[in-house]
Amino acid sequence: MMLLRAALTVAIGISAAQPGLARDIKVTDQLQFKAAVKAAQPGDSIVLGDGEWRDFQIVFTGTGTADKPITLTAQTKGKVLLTGQSNLRLGGRHLIVSGLVFKGGASPTDQVISFRRDSKTLAHDSRVTEVVIDGYSKPDRRAEDIWVALYGTGNRVDHSHFEGKTNSGVTLAVIRRAGDPLDNRHRIDHVYFGPRPPLGSNGGETIRIGTSEESLSNSHTIVERNIFDRTSGEVEIVSVKSGGNIVRENLVLSSQGAFVLRHGNGNLVERNIFFGKHVPDSGGVRVINRDQTVRFNYFEGLAGKDLKSAISVMSGVPNSVINRYHQVANALIERNSIIDSARITFAAGADAERSAPPIDSKFERNLVRGADGADPFHADGEIAGIALAGNVEVKVAKPLLTSGVEQRAIKLERAANGLLYPTDPALTDVGAPRDLVPVKREEVGASWYRSPAPEAAFGTGRTLSLQPDASLAEAVGNAQAGDILSLAPGAYDVAAPLVLRHWLTIAGKKGAAPVLRLTGGGLARIDGGGGLRLENVEIDARTLTADAALIAVGAGAAPNYGIALNGIAVRGPGKAARLDGIVIAPGTFADAIEIEGSRFSDMGVVVAGAGEQDAKGWYPVERLTIAGSRFDRVAMVADLLRKGTDESTFGPWFAMSGSNVADSGENGASLRLSGVQHAAISGNDFTRSAPVVVIHSVGTPDTRIAGNRFVATLAPRIEELAYKGPQRAVLAGNAVEARP
């Protein structure tokens, strides 16, 4: 009743106001807000009172004018927090939203901010400015949503801050549906797109403009002067799937992926600056379709290859259906600087299906210096349809291209704008122009907002000493993020798995060799925002009588957790029960799992990562690294699966070196990697064990198995699972011996 009276009071106050005068209407609850929206007139501002607005599904509609928009804003910018299950829908004309923060929850629907009230009421000529969405992700990374969905025409998103998306779905998408206006003319500018970690599947784009279905029409959307900072959700940072768009003057920092002209024709990518800082898979621009222009861009320190090259020009599919790869035709790539970068790929992705090479295209007056003095040019197929002229490359010993690319010694100096340019005045018109102005951090985002520091990493907190008579479970429960539990010599009984919700280290004191005795199941379960590093401890599970997991990653574990096992020894129960090592629940995702200098015996699969069966291509860990470790009588060292055929992911990455495997294997493998994109297996010994099996099924797999010794063990094998795409497979210097 009190809320109803408050709403009536606001409504009466609004109706009594003098018509034609702009008003600031402050509201402090949801009923008051609804009444204010209903009565708002052009020029009015609805002001949300400071504080937390929990579970608030905002519907903001109205018809303002160009000079008198209707505004929804915060009483104090940054002090109106939308939490829990909140979202925003706006529909009408000339609406402005500003000053809000979405944090501490997730949208109950598939969009956080939507430029439509419903399918019939779209927003036009409206603006979202100085709005923050920070970590507002659904807990299950497979649950899809879009943070900002642009419908209608003439809308703008600017000076906003979006970071920390960990679930599936585009950060900001231009939605182009049949029956809606397709000539969108939206503008996305001065936005800070902050860190987005790898998703481990397709669907992690930062910006997408359209979809394939309507891609042959023009959107005329402009993306300019934004910062993309560590936006590494998938291989397409900006995915252009429509025509007539402009992507210009953006700054890309340490981001995996590229700007991809995926569908649609006649797009312009110009005056963008990429600083890869040699981050793996950091790329530039990928060209597909007709009439694309890529000019005046600056690329430095990009480590990506293949489809993530600094510049890649793809091979197409003859007579392609709308959602595959149309042939590149009439592309113009001119006056770009590609500095200290790994690869420029022409006819990228050429294979039995993608057999239509680029035609009628030009690559002119570009400045090239490869990484580490190497030639970055690479051709996956026929490139006669790309005319080369006026390009200059820092001299290499054996250049791929001898016509249209001049080889010469070039001295580069860093100019006042922070970019490298030739000192020779004769090269003034080669490479990126000298008037590029990188966008500054203070120009983008909401000036009043900076995201808080991420949760403390391993070893950054307190060191807490424990004796064998202490309760390890209690110590874990009281620990804070980044703490180290330092164990004295002796035995510690673990009657039930320790539940970790922070990043935590459990380590034996130097020379202590403490023993963790598992008496009632596994050692640990990672939930929430947990991560675990184990160091210099022995784990004794010989008395277990029921199957368990040493470390279980629960379905509620936050995405992008980490596990590190350094100098540990695990003795399993043998035939009495099965103890698997790290068991990863579907829907969870680790940035990294590292095993170094450790020993495992009489147990199941040490890293069990084959639980994701969805054909969309989910996989459980970005990087799995094993070094200097020993595995005796284990079911498998690792079982890692990435299904599906989509090429939008970076990993998984797998590396194993300097390790020993003996008397191990089940189901025909001691190590099985399926769909892994990068595998390096070198300097290991396998004795009386099942073979190493690597299955190529997706992407551009790069597998190297070299310098290993296989004793009474079948040689490793690489299989192709209904896969005929490009791949690199090296089996070299391996010794196969019949007897120990």
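Residues numbered from 1 in each chain as written. Predicted model: local features only at pLDDT ≥ 70, side-chain atom pairs only at ≥ 80, totals over all residues. Heavy atoms only, no water.

### Some points on the overall build of the protein chain
Moving on, step 1. Helix and strand counts for the protein chain stand at 3 helices and 72 strands.
Moving on, step 2. Relative to the compact-globule value of 27 Å for 740 residues, the protein chain shows a C-alpha radius of gyration of 28 Å, a close match.
Moving on, step 3. Taken over the C-alpha atoms alone, the protein chain extends approximately 90 × 75 × 45 Å along its principal axes.
Moving on, step 4. Among the 740 residues that make up the protein chain, the fraction classed as buried is 58%.
Moving on, step 5. Across the protein chain, every contact between residues at least 6 apart in sequence was considered, and the portion connecting residues at least 24 apart equals 74%.
Moving on, step 6. Charge-centre separation for the protein chain: the mean point of 81 positive side chains lies 2 Å from the mean point of 80 negative side chains. (Helix = DSSP H or I, 4+ residues; strand = E, 2+ residues; numbered from the N terminus. Rg over C-alpha atoms; globule rule 2.2 N^0.38 Å. Buried < 20%, exposed > 50% of the residue type's maximum accessible area, 1.4 Å probe, protein only. Contact = heavy atoms within 4.5 Å. Lys, Arg positive; Asp, Glu negative; His and termini not counted. Charge placed at Lys NZ, Arg CZ, Asp CG, Glu CD.)

### What about the nonpolar core?
Moving on, step 1. Core analysis: the biggest nonpolar cluster contains 76 residues, and Phe-33, Phe-60 and Ile-113 have the highest contact counts within it.
Moving on, step 2. Beyond its immediate sequence surroundings of up to four residues, Ile-113 is in contact with Leu-88, Leu-90, Phe-102, Val-128, Val-131, Ile-133, Trp-147, Val-148 and Ala-149.
Moving on, step 3. Leu-466, Tyr-492, Ile-526 and Ile-582 belong to the second largest nonpolar core, which has 66 residues in total. (Core = buried A, V, L, I, M, F, W, Y, C linked by side-chain atoms within 4.5 Å.)

### Brief notes about the packing of aromatic side chains
In this description, a pair of aromatic rings is defined by centroid distance and the angle of the planes.
Moving on, step 1. One pass over the full model with this rule turns up 17 aromatic pairs.
Moving on, step 2. Geometrically, the ring pair formed by Phe-589 and Tyr-619 is edge-to-face, given 5.6 Å between the ring centres and 75 degrees between the ring planes. In this pair, Phe-589 is assigned in the loop between strand E57 (579-584) and strand E58 (590-596) and Tyr-619 in the loop between strand E59 (599-609) and strand E60 (621-627), connecting sequence segments 30 residues apart.
Moving on, step 3. Among the aromatic residues, those joined into a ring-pair cluster are Phe-162, Phe-193, Phe-228, Phe-259, Phe-274 and Phe-299. (Phe/Tyr/Trp six-rings, centres within 6.5 Å; stacked < 30°, edge-to-face > 60°.)

### A look at helix H2 (residues 30-39)
Moving on, step 1. Buried within H2 we find Gln-32, Phe-33, Ala-35, Ala-36 and Val-37.
Moving on, step 2. Structurally, the start of H2 carries an N-cap: the backbone nitrogen of Leu-31 is 3.1 Å from a side-chain oxygen of Asp-29. (Polar contact = N/O pair within 3.5 Å; in protein donor to acceptor, adjacent residues only side chain to side chain.)

### A few points about the environment of Tyr-561
Moving on, step 1. When you line up the elements, Tyr-561 lands in strand E55 (residues 561-566).
Moving on, step 2. Taking the C-alpha atoms as reference, Tyr-561 lies 6.0 Å from Asp-591; in sequence the two are 30 residues apart.

### Structural notes on unusual backbone geometry
It is generally the case that most residues other than glycine have a negative phi and that most peptide bonds are trans.
Moving on, step 1. In this structure, Pro-652 follows Gly-651 across a cis peptide bond, with omega equal to 5 degrees.
Moving on, step 2. Residue position: Pro-652 is located in the loop between strand E61 (630-641) and strand E62 (653-657).
Moving on, step 3. Unusually for a residue other than glycine, Phe-296 sits at a positive phi of about 65 degrees.
Moving on, step 4. Within the secondary structure, Phe-296 sits in the loop between strand E31 (293-295) and strand E32 (298-300).

### A short note on the sheet that holds strand E46 (residues 484-487)
Moving on, step 1. Reading across from one edge, E45-E46-E49-E52-E55-E58-E60-E62-E65-E68-E71 is the order of the 11 strands in this open sheet, with parallel pairing throughout. At either end of the open sheet lies a strand with only one pairing partner, and these are strand E45 (463-466) and strand E71 (728-732). Averaged over all pairs of adjacent strands, the angle between their axes in this sheet comes to 10 degrees, without regard to strand direction.
Moving on, step 2. Both strand E52 (residues 531-535) and E55 contribute to a ladder of 4 bridges, which runs parallel. By the bridge assignment, Arg-533 is partnered in E55 with Ala-564. (Pairing = 2+ DSSP bridges. Axes fitted to C-alpha atoms, helices over the stretch in contact; angles between N-to-C directions.)

### Thoughts on the pattern of salt bridges
Moving on, step 1. Applying the stated criterion across every chain yields a total of 50 salt bridges.
Moving on, step 2. Across the salt bridge formed by Asp-134 and Lys-103, the nearest N and O atoms sit 4.0 Å from each other. Placement of the pair is Asp-134 in strand E14 (residues 132-134) and Lys-103 in strand E9 (residues 100-105), with a sequence separation of 31 residues.
Moving on, step 3. Relative accessible area serves as the criterion here: at 9%, Asp-134 is assigned to the buried category.
Moving on, step 4. A relative accessible area of 28% means that Lys-103 is categorised as partly exposed.
Moving on, step 5. Between Glu-406 and Arg-408 there is a salt bridge, and its shortest N-O distance comes to 4.0 Å.
Moving on, step 6. It is possible to trace a salt-bridge network through shared partners that takes in Arg-127, Arg-156, Asp-158, Arg-187, Asp-189, Glu-224 and Arg-248. (Salt bridge = Lys/Arg side-chain N within 4 Å of Asp/Glu carboxyl O.)

### Observations concerning the environment of Ile-133
Moving on, step 1. Along the chain, Ile-133 falls in strand E14.
Moving on, step 2. Residue classification places Ile-133 among the buried positions, given a relative accessible area of 0%.
Moving on, step 3. Setting aside anything within four residues of it in sequence, one finds Ile-133 in contact with Phe-102, Val-112, Ile-113, Trp-147, Val-148, His-161, Phe-162 and Glu-163.

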